[in-house]
Amino acid sequence: VVRGGDRIMLDSFDCPDPSVATPQRSISNTPVQALTLLNNPFVLRQAELLAQRLERESPDNRDEQIRRAYALLFQRAPSPQELSRDRRFVDAQPLLIYCRVLLNSNEFVYVP
Amino acid sequence: MPTRREILWEFGQGLTGIALAQLAATTGAEAATRSPHFASKAKRVILISLPGGISAIDTFDYKPDLEKHHGKETRGANTITPFFGKRGTVMKSPWRFQQYGQSGKWVSDLLPNLAQRVDDLTFIHSMVSRSNAHGPAIFQMSTGFVFQGFPSTGSWISYGLGSENENLPSFVVLPDPRGVPPCGAANWGNGFLPAAHQGVVLGGESQPIADLNPPRSVSPVEQSATYDLLSEMNEEHLKANTGDDALAARIKAYSLAARMQVSAPEVTSITSESESTKTAYGLDDPVTRPYGYNCLLARRLIERGVRCVQLFNGGHFGAPRVNWDGHEDLMANHTKNARILDKPTAALLADLKQRGLMSDTLVAITTEFGRLPISEGLGEGGRDHNPEGFTWILAGAGLKPGFSFGATDELGYKAVQPTTIYDFHATILHLLGLDHTRLTYYHNGLNRRLTDVHGHVLREILS
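Every chain's residues receive numbers from 1 upward, in the order its sequence appears when written. Whichever chain is written first is A, and whichever ligand is written first is 1; the rest continue in order. In keeping with the predicted nature of the model, local features appear solely for residues at pLDDT of at least 70, side-chain atom pairs appear and are counted solely at 80 or more, and the whole-chain, interface and lining totals rest on all residues. The basis for the side-chain values is all heavy atoms of the structure; hydrogens and waters are excluded.

1. Examining the overall build of chain A
Logical step 1: Helix and strand assignments follow DSSP, with helices taken as H or I runs no shorter than four residues and strands as E runs no shorter than two, numbered in order from the N terminus. A tally of regular secondary structure across chain A gives seven helices and zero strands.
Logical step 2: Along the chain direction, N to C, the helices and strands of chain A fall in the order α-α-α-α-α-α-α.
Logical step 3: Classification of the 112 residues of chain A by burial places 45% in the buried group.
Logical step 4: Accessible surface is estimated by sampling points in the Shrake-Rupley manner with a 1.4 Å probe; for residues, cover comes only from the protein chains shown. Only carbon and sulfur atoms are counted for the fraction: they give 57% of the accessible area of chain A, which is about 5900 Å². Think of it in three bands: residues with accessible area under 20% of the maximum for their type are buried, residues over 50% are exposed, and the middle band is partly exposed, with areas taken using a 1.4 Å probe on protein chains only.

This is the structure:
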């Protein structure tokens, strides 16, 4: 990183300025970012790829697909309540839309 | 429900924080309207920031002596140490100065439209910065501190006064269409303040808000089902992870995102504006249109209750230069930038006045530092950074209009009686009804302030 270099891309991802000491990187958390993560075609494409993987690894088994998604994204199994709630969702909506929800969830995006 | 951090904060505040304690009741993420410390005329702010460092002595700080000493060396106590070390000789302004308005203010030919507004402006000619490097100096301009990570002025204002429109962010940032300023998001960061007070960036006219709507392949039913399940999942996750401000803030960000999907198109579309308004803001000219649109958008946001709009005229540093950093050729650099800045900014000031918005709106025009009265190198035509004396401008509610405060020496190098950025920030908060010593946030063992442990309200400029 060069002071004065072209760093528009880095700046938008909160990269600190190299001419000052930065003990801690600043973190953005705004509705604009929420919109990007929800609506950007890139994220939708990733959701689609995830949905395809779930179909491939657990064909025609909705409960298994939900469990697999939790294992992949959250490193845990869903609770019985979560499983039945999510099952109702995927019965009504495409799997791709379900994957999009998971990719936007705090549990996936935010590592405390 | 207040988070652990906020309960601690509220406790730490004791009775002094009562006016602001309502914040704690709103999870720290929602920026609901709050009462100021005392009655004030100004309710909202437009901050216009000029990255790179616009020259004071070539705009509003007229120094006839530069002509007299043109070509001479600066010696002894007057020796000037430039940022890049290339010391030239005294350089007169390449622009001609004239007097304008009832106040008879001297302004250069560089800014002919802003010159027409001098009777509405309050000039502070004695500004000093603690750094002569862009990064730290722009941090001080935006946050009061020369280090990264402190809350921006807009964040403090949002924190102090909250929002007047629950469907729009309380603090909106409009970067220069040519690029984000040096140090980017740190200029509008919330630092340790609750994340809801971070500036929300809107892009230019072609796409004011990126990804505002889902791709066409996602149906409205799917979109609303997405919001429902997402908020249910996130609420449960929050219950299992109490005390983390960022989680609550993300939930609020999604709910505001959903409301913005409805409210934002009305704000960002300018089809309802008259042709004469559009022309006044320079929208009929491809050079002024991108920044002019942002100026017009700033007025539309302010009208709809956004508390603070920070508008940038100038992008990042580097080559080619897209800000006021006129090292090599001051004439070319400032001419190019002034052409973009002058007309739309003057139109915004005139429009605010004509619509009666000036009576409760504050406008501040700032830059990280000025430029030296000597050339950058012998026989060169640029000017280097000058943090020792430069001009910032205020306008609007609670100020003496057509008034100039403070001065630099005969060459426009050093402020005679320096006005610090702390003083300026203290004054802005005062004009908004906030006492800078009482607008605090408990962080890391200290009641932090925008003004650190400094700052005096500039009473001389108040009406």
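2. Focus on the overall build of chain B
Logical step 1: A tally of helices and strands in chain B yields eleven helices and 17 strands.
Logical step 2: Here the C-alpha radius of gyration of chain B, 23 Å, is about what a compact globule of 463 residues would show, namely 23 Å.
Logical step 3: Considering only C-alpha atoms, chain B reaches an extent of 70 × 50 × 40 Å along its principal axes.
Logical step 4: Within chain B, buried positions represent 64% of all 463 residues.
Logical step 5: The contact criterion used is simple: two residues touch if any of their non-hydrogen atoms lie within 4.5 Å. Here the analysis covers contacts within chain B between residues at least 6 apart in sequence; of these, 76% occur between residues at least 24 apart.
Logical step 6: For chain B, the exposed area adds up to about 17000 Å²; of that, 53% sits on carbon and sulfur atoms.
Logical step 7: In this count, Lys and Arg are taken as positive residues and Asp and Glu as negative ones, while His and the chain termini are left out. A charge is said to be at NZ when it belongs to Lys, at CZ for Arg, at CG for Asp and at CD for Glu. When the 43 positive and 46 negative side-chain charges of chain B are each reduced to one mean point, those points stand 3 Å apart. Each radius of gyration is computed over the set of C-alpha atoms, and the globule rule expresses the reference value as 2.2 Å times the number of residues to the power 0.38.

3. Some points on the interface of chain B and chain A
Frequently, the measure chosen for interface size is the accessible area that the parts lose on association.
Logical step 1: Between chain B and chain A, the residue contacts involve 57 residues of the former and 49 residues of the latter.
Logical step 2: Note on definitions: buried area is the accessible-area loss of two parts on being combined, 1.4 Å probe, summed for both. At the boundary of chain B with chain A, total buried surface from both sides reaches about 4400 Å², with 61% on carbon and sulfur atoms.
Logical step 3: When the area that chain B buries against chain A is broken down by residue, the three leading residues are Q148, D211 and R250 of chain B, summing to 15%.
Logical step 4: Here a salt bridge means any side-chain nitrogen of Lys or Arg lying within 4 Å of a carboxyl oxygen belonging to Asp or Glu. Viewed at the interface, chain A and chain B are joined by two salt bridges.
Logical step 5: Here E236 of chain B makes a salt bridge to R85 of chain A, at a shortest N to O gap of 3.3 Å.

4. Points about helix α2 (residues 31-39) of chain A
Logical step 1: Those residues of α2 of chain A that sit buried are P31, V32, A34, L35, L38 and N39 of chain A. Each buried residue of α2 of chain A lies within a common arc of 155° when the element is viewed along its axis, so the set occupies one face.
Logical step 2: Along its buried surface, α2 of chain A packs onto α3 (41-57) and α6 (95-104) of chain A together with β7 (200-201), α6 (220-240) and α7 (245-268) of chain B. This arc is taken over the directions from the axis of the helix to the C-beta atoms.

5. Remarks on helix α4 (residues 62-74) of chain A
All names here are of chain A.
Logical step 1: The terminal C-alpha atoms of α4 lie 18 Å apart, and with 13 residues this matches the ideal 18 Å at 1.5 Å per residue to within 8%.
Logical step 2: Among the residues making up α4, those that are buried are Q65, I66, A69, Y70, L73 and F74. Along the axis of α4, the buried positions cluster into a sector of 135°, meaning they face one direction only.
Logical step 3: Polar contacts here mean pairs of N or O atoms no more than 3.5 Å apart (in protein, one a potential hydrogen donor and the other a potential acceptor; neighbouring residues in sequence count only if both atoms are side-chain atoms). The backbone nitrogen of D63 lies 3.4 Å from a side-chain oxygen of the residue at the head of α4, namely N61.
Logical step 4: One or two positions beyond α4, positive phi appears at Q75, with a value near 55°. Here a helix's expected span is defined as the number of its residues, less one, multiplied by 1.5 Å.

6. Here's the deal with the pattern of salt bridges
Logical step 1: Across all of its chains, the model carries 38 salt bridges over all chains by this definition.
Logical step 2: A salt bridge links R45 of chain A to E48 of chain A; the nearest nitrogen and oxygen atoms lie 3.5 Å apart. Of the two residues, R45 of chain A and E48 of chain A both sit in helix α3, three residues apart, roughly one turn of that helix.
Logical step 3: Relative accessible area serves as the criterion here: at 42%, R45 of chain A is assigned to the partly exposed category.
Logical step 4: By relative accessible area, E48 of chain A is classed as partly exposed at 32%.
Logical step 5: The shortest N-O distance in the salt bridge between R85 of chain A and D86 of chain A comes to 2.9 Å.
Logical step 6: Owing to a relative accessible area of 7%, R85 of chain A belongs among the buried residues under this scheme.
Logical step 7: Classification of D86 of chain A as buried rests on a relative accessible area of 0%.
Logical step 8: A single salt-bridge network, built from bridges that share partners, covers E266, E273, R299, R300, E303, R304, D351 and R355 of chain B.

7. Focus on the packing of aromatic side chains
What characterises a pair of aromatic rings is the spacing of the ring centres plus the angle enclosed by the ring planes.
Residue and element names in this part refer to chain B.
Logical step 1: Ring pairs shown here join Phe, Tyr and Trp side chains whose ring centres sit within 6.5 Å, with only the six-membered ring taken for Trp; geometry is labelled stacked below 30 degrees between planes, edge-to-face above 60, and tilted in between. All chains considered together, the criterion is met by 15 aromatic pairs over all chains.
Logical step 2: Each ring, one from W156 and one from Y159, has its centre 5.8 Å from the other, and the planes form 70°; the classification is edge-to-face. Placement of both W156 and Y159 in helix α5 (residues 153-161) is noted, with a separation of three residues, approximately one turn of the helix. Each member of the pair, W156 together with Y159, is buried.
Logical step 3: Members of the aromatic cluster, joined through ring pairs, are F145, F150, W156, Y159, F192 and Y441.
Logical step 4: Sitting over the ring of F403, K400 keeps its end group 4.8 Å from the ring centre. Counted as over-ring charges are cases with an Arg CZ or a Lys NZ within 6 Å of the ring centre that also lie within 35 degrees of the ring normal.

8. Considerations on the environment of K72 of chain B
All names here are of chain B.
Logical step 1: Examined against the element boundaries, K72 turns out to sit in the loop between α2 (65-68) and β2 (87-90).
Logical step 2: Judged by its relative accessible area of 42%, K72 is partly exposed.
Logical step 3: Between the alpha carbons of K72 and I374 there is a distance of 8.9 Å; along the sequence they are 302 residues apart.
Logical step 4: With sequence-adjacent residues up to four places away left out, K72 is seen in contact with T89 and V90.

9. Details of the nonpolar core
Logical step 1: If you look at the biggest cluster of nonpolar residues, it comprises 90 residues, and the most contacted ones within it are Y98 of chain A together with I46, I48, L174, L301, L311 and V363 of chain B.
Logical step 2: In terms of residues, this core owes the most to one element, helix α10 (residues 330-354) of chain B, which gives nine residues.
Logical step 3: For I46 of chain B, the contacting residues outside a window of four places in its chain are A298, I302, V309, L311, L348, L352, T361, L362, V363 and A364 of chain B.
Logical step 4: Buried Ala, Val, Leu, Ile, Met, Phe, Trp, Tyr and Cys residues that are joined via side-chain atoms within 4.5 Å together make up what is termed a nonpolar core. Within the second largest apolar cluster, 51 residues are counted, among which are M141, A185, L450 and V457 of chain B.

10. Regarding the side chain of Q310 of chain B
All names here are of chain B.
Logical step 1: Along the chain, Q310 falls in strand β8 (residues 308-312).
Logical step 2: The exposure class assigned to Q310 is buried, which follows from its relative accessible area of 3%.
Logical step 3: For Q310, the side chain forms a polar contact with the side chain of S49, separated by 3.1 Å.
Logical step 4: If sequence neighbours within four positions are ignored, Q310 has contacts with L47, S49, S142, F171, V172, V173, L174, N187 and W188.

11. Some words on the environment of S255 of chain B
Residues and elements named next belong to chain B.
Logical step 1: Of note, S255 is situated in helix α7.
Logical step 2: Accessibility expressed as a relative area gives 29% for S255, which makes it partly exposed.
Logical step 3: Note: C-alpha distance between S255 and G52 (203 residues apart in sequence) is 37 Å.

12. Quick notes on the state of the cysteines
Residue and element names in this part refer to chain B.
Logical step 1: We call a pair of cysteine sulfur atoms a disulfide when they lie within 2.5 Å. Inspection of every chain in the model, using the stated rule, returns zero disulfides over all chains.
Logical step 2: In this structure C308 is not part of a disulfide, and its nearest cysteine sulfur, from C295, lies 15 Å away.
Logical step 3: Judged by its relative accessible area of 0%, C308 falls in the buried class.

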